[in-house]
Protein chains: 2
Amino acid sequence: MPFHPACHSYEPVTIADRLFLDLRRAILEGELPAGKKISEPELASIYGVSRGSLREAISKLENCNLVTRRPNIGARIVNFSIDQLMEIYQIREAMEGMAARLAAKNMTEAELAHLKSLVARHKDSLLHTERPAKTDYSQDADVDFHFCIIQGSKNQRLLTMLCQDLYDLVRFYRMRLSPAFSSTAMQEHELIVQALERRDGEMAELLMRYHVRASRDRAKQRLESMSPEELGSHH
Amino acid sequence: MPFHPACHSYEPVTIADRLFLDLRRAILEGELPAGKKISEPELASIYGVSRGSLREAISKLENCNLVTRRPNIGARIVNFSIDQLMEIYQIREAMEGMAARLAAKNMTEAELAHLKSLVARHKDSLLHTERPAKTDYSQDADVDFHFCIIQGSKNQRLLTMLCQDLYDLVRFYRMRLSPAFSSTAMQEHELIVQALERRDGEMAELLMRYHVRASRDRAKQRLESMSPEELGSHH
DNA sequence: ATACACAAGATTGTCGACAATTTTATTTCA
DNA sequence: TGAAATAAAATTGTCGACAATCTTGTGTAT
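All values reported here derive from a predicted model rather than from experimental measurement. In this convention, every chain numbers its residues from 1, walking through the sequence in written order. For this description, chains carry letters from A and ligands carry numbers from 1, given in the order in which they are written. pLDDT decides what is reported in this predicted model: residues at 70 or higher carry local features, side-chain atom pairs at 80 or more are listed and counted, and totals for whole chains, interfaces and linings draw on all residues regardless. To get the side-chain values, take all heavy atoms of the structure and skip hydrogens and water.

**Brief notes about the protein's contact with DNA strand C**
Put simply, the test is: Here, proximity means that at least one heavy atom of the residue falls within 4 Å of the molecule or strand. The definition of a polar contact used here is a pair of N or O atoms within 3.5 Å, where within protein one atom must be able to donate a hydrogen and the other to accept one, and adjacent residues in sequence count solely through side-chain atom pairs. Here a helix means four or more residues in a row that DSSP labels H or I, a strand means two or more in a row labelled E, and each is numbered from the N terminus. Three classes are used, and their members are as follows: Ala, Val, Leu, Ile, Met, Phe, Trp, Tyr, Cys and Pro are nonpolar, Asp, Glu, Lys and Arg are charged, and the others, Gly among them, are polar.
Around DNA strand C sit 18 residues, and of these T14, I15 and S53 of chain A together with R51 and R55 of chain B come closest. At 2.6 Å from a phosphate oxygen of DNA strand C is found a side-chain nitrogen or oxygen belonging to T14 of chain A. R55 of chain B places a side-chain nitrogen or oxygen 2.4 Å from a phosphate oxygen of DNA strand C. For the surface near DNA strand C, the secondary structure elements donating two or more residues are α1 (15-28) of chain A together with β1 (37-38), α2 (40-47) and α3 (51-63) of chain B. Residues of the surface near DNA strand C, tallied by class, amount to seven nonpolar, six polar and five charged.

Here you go:
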């Protein structure tokens with residue numbers, strides 16, 4: 001699960017960079033449990049690097065909001081609540097709504113074609129598989145859909161802000177949920193694509209905002225019906 | 001020009017923290033020229049700290065988007081174009097629009113009263129001063145207005161994203177412009193406050209989005225009428 | 001004269017050791 | 001027994017030195 005190409009260089013040239021990617025994956029996959037304190041000497045010896053390099057990597061993780069640091073105390077893996085996840089959805093509603101509006105104006109025909117094929121493939125996989133397997137990539141497909149539109153907005157900073165500051169947190173939470181991508185969401189995606197094809201920015205924004213809001217409600221409902229221990233430790 | 005209290009701790013306890021604040025101020029005030037490459041040995045000796053601490057401070061500056069780093073090459077002070085500033089305004093339109101919508105719902109009466117007094121004071125100073133002096137704080141007042149609303153949204157992450165990732169960049173650019181806060185913008189502020197008083201989130205969002213868009217257009221017009229050398233080096 | 005190859009210099013990345021602070025364990029007193 | 005003070009251990013912050021990489025200047029060949 002690498003960064004998307006437009007957000008980060010694929011090839012980590014420095015030790016701290018590689019370490020950052022390794023730790024990021026470990027955090028997202030739950031290998032490093034949420035809320036756990038990071039012991040610098042311990043992790044450094046595990047990964048066989050110096051504490052200096054490790055600290056640099058931790059700094060980068062802090063940028064992605066995957067760890068929080070307090071001076072003289074240390075760093076902890078994030079462990080955020082349902083309310084905080086809802087906050088993120090609210091921000092996504094605003095930012096991705098704007099992204100859709102801009103994409104309607106700035107997306108190239110090639111990008112639109114790619115987006116359409118992406119949605120078509122996704123629809124196919126939903127029809128042909130009885131129920132999503134454990135190796136189901138519908139969630140990645142969903143991320144790809146959103147990423148594609150954000151990229152189409154041609155607003156570079158919007159892209160990096162969403163990818164660097166928000167999407168890792170979304171992944172962080174998603175990893176801890178049962179994979180559930182509904183056909184309802186699928187239809188919402190299709191409506192958005194249609195608006196983009198018509199180059200109707202106003203409508204694209206409205207539909208995207210509705211879609212994110214609906215996704216938030218679906219996530220909230222799912223989360224509140226789960227038992228606390230299913231979610232792992234929160235707070 | 002410190003961080004706002006809700007965003008960062010005022011008291012830097014560690015050397016790297018103090019250095020970060022010092023460098024941040026130096027960058028925003030143009031003491032360190034835009035686009036200049038940072039020499040780690042040079043800066044470290046100037047501030048009388050080790051390169052390690054300096055590198056940590058630079059990391060923090062990178063989070064605020066005030067410097068960009070490339071591995072094995074070094075860090076440079078940002079130097080962004082008018083187009084990039086416009087990108088930021090687009091993001092602000094979306095995020096602050098949402099902030100206004102949420103603030104209409106979540107702001108306390110005390111916060112609303114504070115906001116009103118803030119706008120009143122601002123209006124007064126606009127009437128009584130012939131034309132904005134060099135020591136004019138109308139720009140800070142404008143920042144305070146927006147900050148107040150963002151804080152009122154009660155969305156903590158929205159607050160930190162705007163303060164940490166965007167507002168420093170806005171300040172960075174503003175510092176290099178002639179102070180120009182129009183009475184038009186003042187009136188827009190008043191309309192927004194009225195909508196907040198009515199707890200009309202829909203309208204508050206619309207008005208805020210209009211205000212940010214108008215501010216963007218005003219800034220763009222002003223920038224394009226300036227000679228390139230007035231702006232300092234860009235690209 | 002221009003372009004390329006190479007060497008010298010400077011800069012960044014990495015490491016281990018020491019200092020300052022926090023956390024934990026122990027002792028002491030009410 | 002419980003709470004506060006104190007000592008010991010562990011952790012984080014800071015520093016200077018070395019290695020790897022990039023940049024600059026020089027020389028050479030076409």
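**Here we look at the pattern of salt bridges**
Spelled out, the test is: Between Lys or Arg on one side and Asp or Glu on the other, a salt bridge is scored when a side-chain nitrogen of the former is within 4 Å of a carboxyl oxygen of the latter. Accessibility here uses a 1.4 Å probe with only protein chains present; expressed as a share of the type maximum, an area under 20% marks a residue as buried, one over 50% as exposed, and anything in between as partly exposed.
Under the counting rule described, the total for this entry stands at 46 salt bridges over all chains. In this structure, R69 of chain B engages E40 of chain B in a salt bridge whose closest nitrogen and oxygen atoms are separated by 3.8 Å. One end of the pair, R69 of chain B, is in strand β2 (residues 67-70); the other, E40 of chain B, is in helix α2, with 29 residues separating them in the sequence. You can call R69 of chain B partly exposed: its relative accessible area is 21%. Linked by salt bridges that have partners in common, E93, R209 and R213 of chain A together with R101, E202 and E205 of chain B make up one network.

**Observations regarding the sheet that holds strand β3 (residues 74-77) of chain A**
Residues and elements named next belong to chain A. For clarity, the threshold we go by: For two strands to be treated as a pair, DSSP must find no fewer than two bridges joining them. The contact definition used throughout considers only heavy atoms, calling two residues in contact when any of these lie within 4.5 Å. Angles here are taken between N-to-C directions and fall from 0 to 180 degrees, while the axes themselves are lines fitted to C-alpha atoms, restricted in helices to the stretch in contact.
The three strands lie next to each other as β1-β3-β2, forming an open sheet whose pairing is antiparallel. The strands lining the two open edges of the sheet, one partner per strand, are β1 (37-38) and β2 (67-70). When β1 meets β3, the two strands line up antiparallel, connected through two bridges. Bridge pairing in β3 places K37 opposite R76. On the sheet, helix α3 (residues 51-63) packs against β1, β2 and β3 and is oriented at approximately 115° with respect to β2.

**Things to note about the pairing of β2 of chain A**
All names here are of chain A. Pairing between β2 and β3: four bridges, direction antiparallel. Of the residues in β3, the one forming a bridge with V67 is I77. Joining the antiparallel neighbours β2 and β3 is a turn of three residues, in which N72 adopts a positive phi near 70°.

**Describing the interface of chain A and chain B**
To keep things clear, this is the line we draw: Accessible area that two parts lose when put together, with a 1.4 Å probe and added across both, is what the buried area reports.
Contacts between the two partners involve 30 residues from chain A, matched on the other side by 30 residues from chain B. Carbon and sulfur atoms make up 52% of the surface buried where chain A meets chain B, a total of about 2,600 Å² over both sides. Applying the counting rule to chain A against chain B returns six salt bridges. For R209 of chain B, the salt bridge is made with E205 of chain A, and the minimal N-O distance between the two is 2.8 Å. Summed over the shared surface of chain A and chain B, the result is 13 residue pairs in polar contact (both at pLDDT 80 or more). Taken together, the elements giving at least two residues each to the side of chain A that touches chain B come down to α3, α4 (82-106), α7 (156-174) and α9 (201-224) of chain A. For the side of chain A that touches chain B, the leading source of residues is α4 of chain A, giving ten residues.

**Considering the nonpolar core**
The criterion, for reference: Definition of nonpolar core: a set of buried residues of the types Ala, Val, Leu, Ile, Met, Phe, Trp, Tyr and Cys, connected through side-chain atoms within 4.5 Å.
Membership of the largest hydrophobic core comes to 140 residues, with the highest contact counts inside it found for M95 and L196 of chain A together with M95 and L196 of chain B. Look past the residues within four positions of L196 of chain A in its chain and what remains in contact with it is A100, A103, A104, M107, L112, L115, I149 and A204 of chain A.

**Some thoughts on the protein's contact with DNA strand D**
Taken together, 17 residues lie around DNA strand D, and K37, R51 and R55 of chain A together with T14 and I15 of chain B are the ones closest in. The protein-proximal atoms of DNA strand D, defined as those within 4 Å of the protein, are 76% sugar or phosphate. Take R51 of chain A: an N or O atom from its side chain is 2.8 Å from a base nitrogen of DNA strand D. T14 of chain B is positioned with one of its side-chain polar atoms (N or O) 2.6 Å from a phosphate oxygen of DNA strand D. If you list the elements that add at least two residues to the surface near DNA strand D, you get β1, α2 (40-47) and α3 of chain A together with α1 (15-28) of chain B. Among the residues making up the surface near DNA strand D, the classes are represented as six nonpolar, six polar and five charged.

**Considerations on the relation of the copies chain A and chain B**
Keep this limit in mind: We place the copies in one frame by least squares, fitting the C-alpha atoms of every residue whose pLDDT is at least 70 in both.
Expressed as a screw operation, the relation of chain A to chain B combines 0.0 Å of axial shift with a rotation of 180°, fitting to an RMSD of 0.0 Å. Both copies are brought into coincidence by an operation consistent with a two-fold rotation axis. Distance from the rotation axis, computed per C-alpha, reaches its smallest value in chain A at A94 of chain A: 2.6 Å. The residues that chain A uses at the interface reappear at the interface of chain B in 100% of cases, marking a shared surface.

Read these as spatial facts, not as claims about activity.
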